Amino acid sequence: MNDLSLIAINLTRRCNLACTHCYLDTDTLLEGSKDELTAEEVCLLLDEVAECGDGSMVVLTGGEPLVRRDVEDIAAHGVKLGLAMVVGTNGTLLTKSRIEALKLAGVLGVGISLDSLYPDYHDAFRGMKGAWEKTMTGIENCRRLGLDFQIHFTVTEDNAHELNSMIDFARHCGARVFNVFFLVCTGRGEAVTDITALHYEHILNELINAQQRSQDLIIRARCAPHFKRIALQRDPVSPLNRISGQEADGCIAATHYCRITPEGGVTACPYIPDEVGNIREQDFSELWQSAPEFKLLRNPVLNGACGICEFRKLCGGCRARPIASGHGLMDEDPLCAYTPMGGDVIQPIGETDYNSIQWSQAAELRMARIPTFLRKLIKQRAEAYVLELGETKVTAEHLSVLAAKRFGNSIPATRARNETATHGKD
């Protein structure tokens, strides 16, 4: 059974902006669609999501989800089911009263899109003069009112030079996470100049450098499965870098993630347009487990360079990019500069590698306090870290070290308690 760790629900196609890279067209952004899922239908979907994954994370997004006034009702229902509810927004509608309503509903945090520290560039990219100022106000409102937030940065040739400045800004303004999204040119995004394969490679190396320097901000690449290959090339002896891309930093479309359209269609990700079914016609759980297209993505037979690449089980390339460039789902990712060397396929860390790893009672107690949707990944990283140290037992102290490396002095969403002090270091 494939655990559903993350699901994005596009609540609407309406938006108060008109971003040049959006995969929706202008008329759709203004008018939306007449048959958007109702709040009742979304809540019924959440009931099924809760059955498919243990504490899954649900991203309520759009269009701009905050143009709907029932977002809080939907979020509150998900929270009651034990789901981690977050909102993806352009930030312009994050007024103080709206943030208080989101907090009251139990929303874990928001992801806010910000594409430049230059107002004119951001406004042009987002299609509305004054958008930058409103987004900045939304960020400040979140900070003042104590709603956790992430910064989402879409990198292109035009703003890539701002990467380090954006990371510094995210840290300074109190963001928990800085996510870098690599554009998949679909919809309106077809008119936006994408980065070159060589520049893509360079930016991923910059992100790895930034991650290694950062102790208080999580820095992640999104829609960039090549990250796994580059990380392993840089540090081949680290077990942490051999964790499968489908389980960690690579593409999780259809393996642990999918997207719901505003009309109820189910797709592997927002950039793969083909729907595998509709929740109005078929149970979501059945589609998630049995859709042939999803099964194909879970056990891909890749073509071209991706098919002969020794990193194909760690990376596998983006499956949306070949479609966007007019090719097939399983064809090679056109935004990869690596030439396969013809060596043995590099295998991800398997369950057999973990058989000798034990967990101390204190470490298990600490894991129990971590949000459910994060436990599998953190467990995997902790065991890989212990293997790297040449040890056989995960302790609370190991978890503290890993938390400090990723989150600084506190763990987001848990405001974590240091169980080491309470339960000892074993």
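Bear in mind that the values here come from a model prediction, so they are computed numbers and not experimental data.

S.K.: How should I be thinking about helix H3 (residues 71-80) in this particular structure?
M.R.: Since the α-helix turns once every 3.6 residues, residues separated by three or four places project in the same direction. Residues of H3 that are buried: Val-71, Glu-72, Ile-74, Ala-75 and Gly-78. The buried side chains of H3 occupy one side of the element, clustering within an arc of 160° when seen end-on. Away from its buried face, by an angle of more than 90 degrees, H3 presents the exposed residues Asp-73 and Lys-80.

S.K.: Any chance you could explain helix H16 (residues 372-389) here in plain terms?
M.R.: Taking 1.5 Å of rise per residue, the 18 residues of H16 would be expected to cover 26 Å, and the 26 Å separating its terminal C-alpha atoms lies within 8% of that figure. Buried within H16 are the following residues: Phe-373, Ile-378, Gln-380, Arg-381, Ala-382, Glu-383, Ala-384, Tyr-385 and Val-386.

S.K.: Help me understand the pairing of strand E3 (residues 84-89) in this model?
M.R.: By the criterion of burial, E3 is predominantly enclosed, with six of the six residues buried. Side-chain alternation along E3 places Ala-84, Val-86 and Gly-88 on one buried face and Met-85, Val-87 and Thr-89 on a second face that is also buried. One ladder, built from four bridges, connects strand E2 (residues 57-61) with E3; its direction is parallel. Within E3, the position partnered with Met-57 by the bridge is Ala-84. Crossover handedness for the path E2 to H3 to E3: right-handed. Pairing analysis gives four bridges linking E3 to strand E4 (residues 109-113), with the strands arranged parallel. Bridging across to E4, Gly-88 finds its partner in Gly-111.

S.K.: I would appreciate a short explanation of the packing of aromatic side chains in the present structure.
M.R.: Between two aromatic rings, the relevant description is the distance of the centres plus the angle of the planes. Applying the stated criterion across every chain yields a total of five aromatic pairs. Judged by centre distance (4.6 Å) and plane angle (45°), the ring pair of Phe-182 and Tyr-200 falls under tilted. One end of the pair, Phe-182, is in strand E6 (residues 177-182); the other, Tyr-200, is in helix H8 (residues 197-213), with 18 residues separating them in the sequence. The same class applies to Phe-182 and to Tyr-200, which are both buried. On the basis of an interplanar angle of 75° and a centroid distance of 5.9 Å, the ring pair of Trp-288 and Phe-294 is categorised as edge-to-face. The aromatic ring of Trp-288 is capped on one face by Arg-298, whose charged end is 4.7 Å from the ring centroid.

S.K.: Explanation requested: the packing of H8 against helix H9 (residues 226-234) in the structure shown.
M.R.: One can describe the packing of H8 onto H9 by two numbers: an axis separation of 10 Å at closest approach and a directional angle of 65°. H8 and H9 meet at a crossing whose hand is right-handed. Along its contact with H8, which presents Tyr-200, Glu-201, Leu-204, Asn-205, Ile-208, Asn-209, Gln-211 and Gln-212, the element H9 presents His-226, Phe-227, Arg-229, Ile-230, Ala-231 and Arg-234. Per-class residue counts for the contact of H8 with H9 are six nonpolar, five polar and three charged.

Rules of the game
- Residues numbered from 1 in each chain as written.
- Predicted model: local features only at pLDDT ≥ 70, side-chain atom pairs only at ≥ 80, totals over all residues.
- Heavy atoms only, no water.
- Buried < 20%, exposed > 50% of the residue type's maximum accessible area, 1.4 Å probe, protein only.
- Helix = DSSP H or I, 4+ residues; strand = E, 2+ residues; numbered from the N terminus.
- Arc of directions from axis to C-beta.
- Expected span 1.5 Å × (residues − 1).
- Pairing = 2+ DSSP bridges.
- Right-handed = clockwise from strand over helix to strand, strands pointing away.
- Phe/Tyr/Trp six-rings, centres within 6.5 Å; stacked < 30°, edge-to-face > 60°.
- Lys NZ or Arg CZ within 6 Å of the ring centre and 35° of its normal.
- Axes fitted to C-alpha atoms, helices over the stretch in contact; angles between N-to-C directions.
- Left-handed = near helix turned anticlockwise from the far one by under 90°.
- Contact = heavy atoms within 4.5 Å.
- Nonpolar A, V, L, I, M, F, W, Y, C, P; charged D, E, K, R; others polar.

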